[in-house]
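Survey of secondary and tertiary structure
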Amino acid sequence: MKKVERALISVFDKKGIVEFAKILTDEFKVEILSTGGTSKLLKSNNINVVNIAEYTQSPEIFDGRVKTLHPRIEGGILLRRNNTQDLQEAQKYDIQPIDMVVCNLYNFKDKIIEPKISLQEALEMIDIGGPTMIRAAAKNFHDVVVVSNPDHYPKLIKEMRENGGISSQTRAILAQEVFFKMAEYNAIIANFLQSFHNPKVTFGSKMIKVYEKVQDCRYGENWDQSAAYYKDLSMDEGLHTIKKVSGKEISFNNYLDIDSCMQILLDLDNSYYTTAILKHTSPNGVAIDKNDQLKSVKMAFKTDPMSAFGGIWGLNKPVSKKIADFIVNKEKIFIEVLMAPSFDPEALNILKQKETMILLEFGDFLSRRNKFYNNPELRSVLGGILAQEYDTKPVIKNWRVVSNRNVDETEKEALIFAYIVSKWAKSNSACFVQTYEDGVYTIGIGAGQQSRVHVVKLAVQKAIEFGHKKELQDSLMGTDSFFPFPDGLEVAVEAGAKAIINPGGSIRDELVIKKANELNCALVFCDKRVFRH
């Protein structure tokens, strides 16, 4: 336990600094060195302060750019108290030990989000003296307490009052925080300069990311795996800003499913009432209704009621009492996660009867689609990561009806809907949909099959199993894969499909088109592949 006799205080964020400094001087008789604006603030509050310029006998120069870069400052911080040579040199050059460094940095991150900021204005917000001091103090944490976050002031005062000084463990924790903070600070600057000078470079030679833990998960993908959720510090919004209203802790698998569900909702037209139900990151029921959210919930649920139990449900409009009553009282559905922009108070009263159900309120999240996709999508592999742009481009690159049979506007909307759903089902995927007066809904979804023809068979099989055999007649199908042979198309038409959309691009496209014409099936190529592995 080491006492603090001399502290250097130079802060950009002055929250709580007056109270902290006053306690240091009045209770613990700590001598305070300070700079510029911090010094003026402390003096105006009747706190005894020694100006850095006076202490070093060197003026602040270059409009304050150079204040603390001096041997009496850096030497006082880096001085090893148990090193004989250091002590001799300190005495020779009149360097006094500095036992505490209280410093937080210019807020570069907030500055660069200002509209029309110039490069010079941004550069002036790159802190030099601050990082130098806190890095030095962190390096010498055995002898120096480094305080880079105002939130630590109360804890440090408490420890000093109880023990007379700051423990080695606390010093080490504070030092570790500094190096994480510097990694984040440098990453923000490096990424800003790259985007400023090379805005068209999506993937540079280096990628720097810093993440902060949001929570430990109960376990990982499986019970014997540890896991945690970290937020990307370059993003001020994300899954971590969604409000949990009720329910158990969000798990690793929950986060994966929530992410997939949210992205489906982001892809679909928010002007209508949409319900998306997922299991294991793939949709098992999706519906759109032009007039009624409850109707979309019912239509999505009936696609595959078995898989809907224990699933993740996402609604793009507020949850009403009627919806809550349908879920909890009428159908008695077990739902792992239910998320929506908001919940009516009466709906919450009903839903909270299910104590383990996770209720998430995401507000206007869906209105900020482009913001969430600014960063690349990262996938970890052994020894590294893969990075790619998110697949946010329209699912229709070119609308090409390649068959003799055409489609009307209602069928076109239904095909696009089917293709979006197939995009979010793991490849290979196939999605059969049916229309009704006010909307469109899924009746059979196949996902994650190695064979393009087997995924169509799976979708048909599921549709029949859950009572949609009649609805397969004159249905529409989307699949994320091209047909290398006509067999997948033949299975779909035999089941009742009247129109099919896929990307096209097989060397046997002409053979497939010929078969579509023979079977009087409309075939659309959209020239956009939407694989999802």
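Here the structure is a predicted model, which means the values were calculated and not measured.

Let's shift gears to the overall build of the protein chain. Regarding its fold elements, the protein chain presents 20 helices and 21 strands. Compactness check: the protein chain gives a C-alpha radius of gyration of 31 Å against a globular reference of 24 Å for 533 residues, more than 25% above the reference. Along the first, second and third principal axes, the C-alpha atoms of the protein chain reach 100 × 50 × 45 Å. Counting all 533 residues of the protein chain, 48% fall into the buried class. Pairs at least 24 apart in sequence give 61% of the contacts found in the protein chain among residues at least 6 apart. Accessible surface computed for the protein chain: about 26,400 Å², of which carbon and sulfur atoms make up 50%.

This part covers the pairing of strand β2 (residues 31–34). Alignment of strand β1 (residues 6–11) against β2, held across four bridges, turns out to be parallel. Paired with Ala-7 across the two strands is Ile-32, which belongs to β2. Between the parallel pair β1 and β2, the chain is carried across by helix α1 (residues 17–28), and the sense of this crossover is right-handed. Relative to strand β3 (residues 50–51), β2 is paired through two bridges, and the arrangement is parallel. The partner of Ser-34 across the bridge, within β3, is Asn-51.

With that settled, consider the side chain of Asp-99. Inspection of the secondary structure assignment puts Asp-99 in the loop between α5 (84–92) and β4 (100–104). Polar side-chain contacts of Asp-99 include one of 2.9 Å to the backbone nitrogen of Glu-5.

Among the structural elements, Thr-35 can be located in the loop between β2 and α2 (36–44). Thr-35 sits in the buried class, given a relative accessible area of 3%. When neighbours within four sequence positions are excluded, Thr-35 is seen to be in contact with Ile-9, Ser-10, Ile-52, Glu-60, Lys-67 and Thr-68.

Overall, parallel pairing links the five strands, which are arranged β3-β2-β1-β4-β5 in an open sheet. Strands at the two margins of the open sheet, each flanked by one partner only, are β3 and β5 (145–147). In this fold α2 packs onto β1, β2 and β3, with an angle of close to 135° to the strand it touches most, β2.

Now for the pattern of salt bridges. One pass over the structure, following the stated rule, counts 28 salt bridges. Its salt-bridge partner being Asp-364, residue Arg-368 comes within 2.5 Å of it at the nearest N-O pair. Note on Arg-368: relative accessible area 19%, which makes it buried. Shared partners join several salt bridges into a network, and the residues in it are Asp-236, Glu-237, Asp-364, Arg-368 and Lys-371.

Let's shift gears to the nonpolar core. Core analysis: the largest hydrophobic core is formed by 54 residues, its most contacted members being Trp-313, Ile-327, Leu-338, Leu-351, Phe-432 and Ile-500. Per-element accounting of this core gives the leading share, six residues, to helix α18 (residues 452–465). Once residues lying within four places of it in the same chain are set aside, the contact partners of Leu-338 are Trp-313, Leu-315, Ile-327, Phe-343, Leu-351, Met-357, Ile-358, Leu-359 and Leu-360. Counting residues in hydrophobic clusters, the runner-up holds 53 residues, among them Val-11, Ile-77, Val-101 and Ala-137.

A cluster of acidic side chains, namely Asp-269, Asp-408, Glu-409 and Glu-413, defines a negative patch on the protein surface. Its location among the elements puts Glu-409 in helix α17 (residues 409–424).

Let's shift gears to the packing of aromatic side chains. This model, assessed by the stated rule, comprises 11 aromatic pairs. On the numbers, 5.7 Å between centres and 65° between planes, the contact of Phe-12 with Tyr-106 is edge-to-face. Linking Phe-12 in the loop between β1 and α1 with Tyr-106 in the loop between β4 and α6 (108–112), this pair joins segments that are 94 residues apart in sequence. For Phe-12, a relative accessible area of 40% corresponds to the partly exposed category. Note on Tyr-106: relative accessible area 26%, which makes it partly exposed. Look at Tyr-373 and Tyr-390: their rings are 4.9 Å apart centre to centre, the planes differ by 55°, and that puts the pair in the tilted class. Taken as a pair, Tyr-373 in the loop between α16 (369–372) and β14 (377–381) and Tyr-390 in the loop between β15 (384–388) and β16 (400–401) lie far apart in primary sequence, 17 residues in all. For Tyr-373, a relative accessible area of 13% puts it in the buried group. Sitting above the plane of the Trp-399 ring, Lys-412 keeps its charged end 5.0 Å from the centroid. Between the NZ or CZ atom of Arg-452 and the centre of the ring of Phe-482, over which it lies, the distance is 4.7 Å.

Cut-offs and rules
- Residues numbered from 1 in each chain as written.
- Predicted model: local features only at pLDDT ≥ 70, side-chain atom pairs only at ≥ 80, totals over all residues.
- Heavy atoms only, no water.
- Helix = DSSP H or I, 4+ residues; strand = E, 2+ residues; numbered from the N terminus.
- Rg over C-alpha atoms; globule rule 2.2 N^0.38 Å.
- Buried < 20%, exposed > 50% of the residue type's maximum accessible area, 1.4 Å probe, protein only.
- Contact = heavy atoms within 4.5 Å.
- Areas by Shrake-Rupley, 256 points an atom, 1.4 Å probe, with all protein chains shown as cover.
- Pairing = 2+ DSSP bridges.
- Right-handed = clockwise from strand over helix to strand, strands pointing away.
- Polar contact = N/O pair within 3.5 Å; in protein donor to acceptor, adjacent residues only side chain to side chain.
- Axes fitted to C-alpha atoms, helices over the stretch in contact; angles between N-to-C directions.
- Salt bridge = Lys/Arg side-chain N within 4 Å of Asp/Glu carboxyl O.
- Core = buried A, V, L, I, M, F, W, Y, C linked by side-chain atoms within 4.5 Å.
- Patch = residues over 30% accessible without salt bridge, like charges linked within 9 Å, V, L, I, M, F, W, Y side chains within 5 Å.
- Lys, Arg positive; Asp, Glu negative; His and termini not counted.
- Charge placed at Lys NZ, Arg CZ, Asp CG, Glu CD.
- Phe/Tyr/Trp six-rings, centres within 6.5 Å; stacked < 30°, edge-to-face > 60°.
- Lys NZ or Arg CZ within 6 Å of the ring centre and 35° of its normal.

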